[in-house]
Amino acid sequence: MSGSKSERARELAMRDATGSGGLSLWDLSHESPLLVIFLRHFGCTFCMEAVRDAAKQRADIQAAGARIVFVHMATEAEARGFFERFDMDDVERISDPDGCLYVAFGLERAGLMQMLGPSVWKRGITAILGGNTPGVPRGDVFRMPGAFVVNQGKVTKSHFHRTIGDRPNLSEFSEAGLAACRV
């Protein structure tokens, strides 16, 4: 292993994190580039919206060359039911109830304004009107979500949410991260 202490910690966490298909996140990233989407909890309106967005943009993300992987803090049994609702049950997912991967990728805990600020309320109304009804939280509700393009164990693009309501265009984000892989 080479690189900084944080890169080494991320590599170890990726090697330890086993996906629903049985491979580690590290191994998956060596099979193909990944769009890794970290979710807060399955009752989160914005997380439901992110999964819906990924489902709608899935063909474009895959055509660009990325494989979608979700990281969540629930059990695999809970995840299976959750992702079935969005026709995403065949997508790789990693259960991280202790939040080790979140920490390894630098996803911090939210502050009050990141969770309850005016922009979050406005986005929340939009997300709820879009069919993403809030549910019961499972996991650390204060853990921030994020998205990363990972290739060969290296992060080529990062999106650290400023608030829990951030909504990156996942297709454009993954294309930009994949372009960095080709350079």
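Preceding block: the structure.
Not measured: the values here are computed from a predicted model.

### Comments concerning the sheet that holds strand β3 (residues 92–95)
Backbone hydrogen bonds are what pair the strands of a sheet, in a parallel or an antiparallel way. Across the sheet, 5 strands lie side by side as β3-β2-β1-β4-β5; this open sheet has mixed pairing. The sheet is open, and its two edges are formed by β3 and β5 (154–160), each paired on a single side. When the angles between neighbouring strand axes are averaged without regard to direction, this sheet yields 20 degrees. Here strand β1 (residues 34–38) runs beside strand β2 (residues 67–72); their pairing, made up of 5 bridges, is parallel. Its bridge partner lying in β2, Leu35 is registered against Ile68.

### Overview of the nonpolar core
Counting residues in hydrophobic clusters, the biggest one holds 34 residues, and the most contacted among them are Leu39, Phe70, Phe83 and Met88. When contributions to this core are tallied by element, the ones reaching two or more residues are β1, α3 (45–64), β2, α4 (76–84), α7 (118–129), β4 (146–151) and α8 (170–182). No other element matches α3, which puts 8 residues into this core. Sequence-distant contacts of Met88, that is, excluding residues within four places in its chain, are made with Val51, Ala54, Ala55, Arg58, Ile68, Phe70, Phe83 and Arg93. With 20 residues, the next largest nonpolar core counts Met14, Trp26, Leu101 and Phe105 among its residues.

### Here we look at the environment of Val155
In this structure, Val155 sits in strand β5. Counting along the chain gives 120 residues from Val155 to Leu35, while the straight-line C-alpha distance between them is 9.9 Å. Not counting residues up to four positions away in its chain, the partners in contact with Val155 are Arg10, Phe105, Phe148, Val149 and Val150.

### So, the packing of α3 against α8
The axes of two packed helices give the description: the angle between them and the distance between them. α8 packs onto α3 with a crossing angle of 35 degrees between their chain directions and a minimal axis gap of 8 Å. α8 is crossed by α3, and the crossing has right-handed handedness. Between α3, through Ala50, Asp53, Ala54, Gln57, Asp60, Ile61 and Ala64, and α8, the contact on the second element is made entirely by Leu170, Ser171, Ser174, Glu175, Leu178 and Arg182. Class assignment for the residues of the contact of α3 with α8 results in 6 nonpolar, 3 polar and 4 charged.

### Examining a nonpolar patch on the surface
A contiguous nonpolar patch, built from Leu112, Leu116 and Trp121 and spanning about 380 Å² of accessible area, is present on the exposed surface. For Leu112, the position within the fold is in helix α6 (residues 112–116). Looking at Leu112, the relative accessible area reads 61%, which means it is exposed.

Cut-offs and rules
Residues numbered from 1 in each chain as written. Predicted model: local features only at pLDDT ≥ 70, side-chain atom pairs only at ≥ 80, totals over all residues. Heavy atoms only, no water. Pairing = 2+ DSSP bridges. Helix = DSSP H or I, 4+ residues; strand = E, 2+ residues; numbered from the N terminus. Axes fitted to C-alpha atoms, helices over the stretch in contact; angles between N-to-C directions. Core = buried A, V, L, I, M, F, W, Y, C linked by side-chain atoms within 4.5 Å. Buried < 20%, exposed > 50% of the residue type's maximum accessible area, 1.4 Å probe, protein only. Contact = heavy atoms within 4.5 Å. Left-handed = near helix turned anticlockwise from the far one by under 90°. Nonpolar A, V, L, I, M, F, W, Y, C, P; charged D, E, K, R; others polar. Patch = residues over 30% accessible without salt bridge, like charges linked within 9 Å, V, L, I, M, F, W, Y side chains within 5 Å. Areas by Shrake-Rupley, 256 points an atom, 1.4 Å probe, with all protein chains shown as cover. Salt bridge = Lys/Arg side-chain N within 4 Å of Asp/Glu carboxyl O.

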